[in-house]
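# Notes for the structure review
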Amino acid sequence: MNTRAIPSPRQIEFLNWEFGVFFHFGIRSFYPGHKDWDNLPMDAAAFNPDRLDCEQWIRASREAGARYAILVCKHHDGFANWPTKYSDYSVAATPWKDGKGDVVREFVDACRKYDVKVGLYYSPAQWGGQTAFAEGREYDDYFINQISELLTNYGKIDYLWFDGCGSEGHEYDRARIIQAIRGLQPDILIFQMWDPDTRWVGNEDGYAPLRNVNLCDEVDFSMMTEEREQMDQTRYLPAECDCKMRSTWFDCEPNEDTIKEVDELVGMYEMSVGRGANFLLNIGPDCHGRLPEPDLKRLEALGREIRRRYGAPIPAFGGMQSEGNGAWSICTEHFSEDWENEDTCPQLVNRVVIEEDLMAQSPVEEFRIYAHLPGYRSKRVCVYKGDTVGHKAICAFPTIRTAKLTVEACGKGGPVLTGMRAYYVRPENGN
């Protein structure tokens, strides 16, 4: 019997996080105009976030509905947001707190205070600082030493986020690096590289494809190359959709006018989480160490809109019912196909959210959603056609009045749905 790769408990937990917030913060936050790989110097003396408030970042994220957060610990410039012993280019070389500060510590403590999962970003490649990007064992030692500090000094870390950008064609001692990471934190999730538990969706715009298949034998590696990372075997790798609140990752430009509208951000949520992936939204804290007020307000508004749309499903009369042969249904009220039966009370619906059993050997390969007509209830119309489901599929369609919705799903061997909910998302200014 052929078996397919299935998710680990930690991967299922990752998918249940759904929404995370990314924080690009570091020396670049103090140098407007600098770009990745421009090789321009950025003196550590400029780093002085006089009002650093990681609790503000994490509290706002949690209130918006995010379940995890990721801090850039070292970007491509080589500046370390913690007092590393392996480079002179870190917070220890700055006037901030007389060189005794530690952004990573404050971030991790804030995450734990607000029950947000801890993610740390580290760029394997770098051009700046005292340790320029180089080949061979010396650089691998530097890499492993810094990662070991991050995975030893801050307790349990849930997620390690490697950026492939700049590592194109570079040879690392992958086996030694992964052995060190897994040895220090056996339960950690690794993004994207070498021994991944999650994968990059392949763009930085926040969107997953309609057909989002999590069984992979290769993954997109970097936006700087078309080459893909080859896996040693087919793996189950859930996708993550990273994107920016503004046009830049760091808050180092006068670009407040590029902050995305709530409607666009919700669309990204629906086309990431709603296509079985995770949604990772970046906000760059300002040079004082706080979230800029416009970005903070937009994050709050995004959380409110997600809750408005998906906080309260229409009660399902009798719950989800299996109808056999790959079909499941819910009723929004007592349902009878008899058009003369006045006990049936159709309701307005324009969203259905479905979930499948990720451990089943046969995933959903395509599905259709049908709504029974409000008067001729023995007849139904197809309101949505979809491909994969995975963790969650958010299916939006024109508003219809109905008392019963049915999902018919196809897959080799028979897929299994575990959840089905109906919603009516009223236009925000609708009556």
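Refer to the structure above for everything that follows.
The following paragraphs examine the structure supplied in this document. (Residues numbered from 1 in each chain as written. Predicted model: local features only at pLDDT ≥ 70, side-chain atom pairs only at ≥ 80, totals over all residues. Heavy atoms only, no water.)

## Section: unusual backbone geometry
Our working rule: Secondary structure is summarised from DSSP: a helix means a run of H or I of at least four residues, a strand means a run of E of at least two, and numbering begins at the N terminus for each.
Positive phi, normally seen in glycine, also occurs at Asp98, with a value near 55°. Located in the positive-phi region is Trp194, a residue other than glycine, with phi close to 75°. Looking at the secondary structure, you find Trp194 in the loop between strand 5 (189-191) and strand 6 (199-200).

## Thoughts on the nonpolar core
Proteins that are soluble and globular tend to have nonpolar side chains buried together. Going by this rule: Only buried Ala, Val, Leu, Ile, Met, Phe, Trp, Tyr and Cys residues count toward a nonpolar core, and they belong to the same one when joined by side-chain atoms within 4.5 Å. Burial status follows relative accessibility: with a 1.4 Å probe on protein chains alone, a residue under 20% of its type maximum counts as buried, one over 50% as exposed, and anything between as partly exposed. The contact criterion used is simple: two residues touch if any of their non-hydrogen atoms lie within 4.5 Å.
Counting residues in hydrophobic clusters, the biggest one holds 77 residues, and the most contacted among them are Trp57, Phe107, Phe162 and Ile181. By residue number, the principal contributor to this core is helix 4 (residues 137-152), which donates seven residues. Setting aside anything within four residues of it in sequence, one finds Ile181 in contact with Ile147, Leu151, Leu160, Phe162, Ile188 and Ile190. With 23 residues, the next largest nonpolar core counts Ile330, Val349, Phe367 and Ala409 among its residues.

## Focus: the sheet that holds strand 16 (residues 393-402)
The line we're drawing: The pairing criterion is simple: DSSP has to find at least two bridges between the two strands. Between N-to-C directions, angles span 0 to 180 degrees; the directions come from axes that are lines fitted to C-alpha atoms, helices contributing only their stretch in contact.
Within the open sheet, the three strands sit side by side as 16-13-18. Their pairing is antiparallel. In this open sheet, the two strands that pair with only one neighbour each are strand 16 and strand 18 (417-423). Ignoring which end each strand starts from, the neighbouring axes of this sheet average 25° apart. Summarising the sheet, strand 13 (residues 347-356) and strand 18 pair through six bridges and their orientation is antiparallel.

## With respect to the packing of aromatic side chains
Applied cut-off: Between 30 and 60 degrees the pair is tilted, below 30 it is stacked and above 60 it is edge-to-face, where a pair is any two Phe, Tyr or Trp rings, Trp via its six-membered ring, whose centres lie within 6.5 Å. In our convention, an over-ring charge means Lys NZ or Arg CZ found within 6 Å of a ring centre and within 35 degrees of that ring's normal.
If you walk through the whole model with that rule in mind, you get 32 aromatic pairs. Summarising the aromatic geometry, the rings of Tyr310 and Tyr423 are spaced 5.4 Å apart at their centres and angled 75° between planes, so their arrangement reads as edge-to-face. Note that Tyr310 is positioned in helix 7 (residues 293-310) and Tyr423 in strand 18, a separation of 113 residues in sequence. Exposure remark for Tyr310: the relative accessible area of 12% places this residue in the buried category. A cation sits over an aromatic face here: Lys74 above Tyr122, 4.6 Å from the ring centre. The side chain of Arg380 reaches across the aromatic face of Tyr370, ending 3.8 Å from its centre.

## Focus: the packing of helix 2 (residues 54-64) against helix 3 (residues 103-113)
Put simply, the rule reads: Less than a right angle of anticlockwise turn of the near helix away from the far helix marks a crossing as left-handed, whereas a clockwise turn marks it as right-handed. Ten residues, namely Ala, Val, Leu, Ile, Met, Phe, Trp, Tyr, Cys and Pro, are considered nonpolar, four, namely Asp, Glu, Lys and Arg, are considered charged, and the remaining ones, Gly among them, are considered polar.
Packing of helix 2 against helix 3 brings their axes to within 8 Å, and their N-to-C directions diverge by 35°. The handedness of the crossing between helix 2 and helix 3 is right-handed. Mapping the contact onto sequence places Cys54, Glu55, Trp57 and Ile58 in helix 2 and Val103, Glu106, Phe107, Ala110, Cys111 and Lys113 in helix 3. Taken together, the residues of the contact of helix 2 with helix 3 sort by class into seven nonpolar, no polar and three charged.

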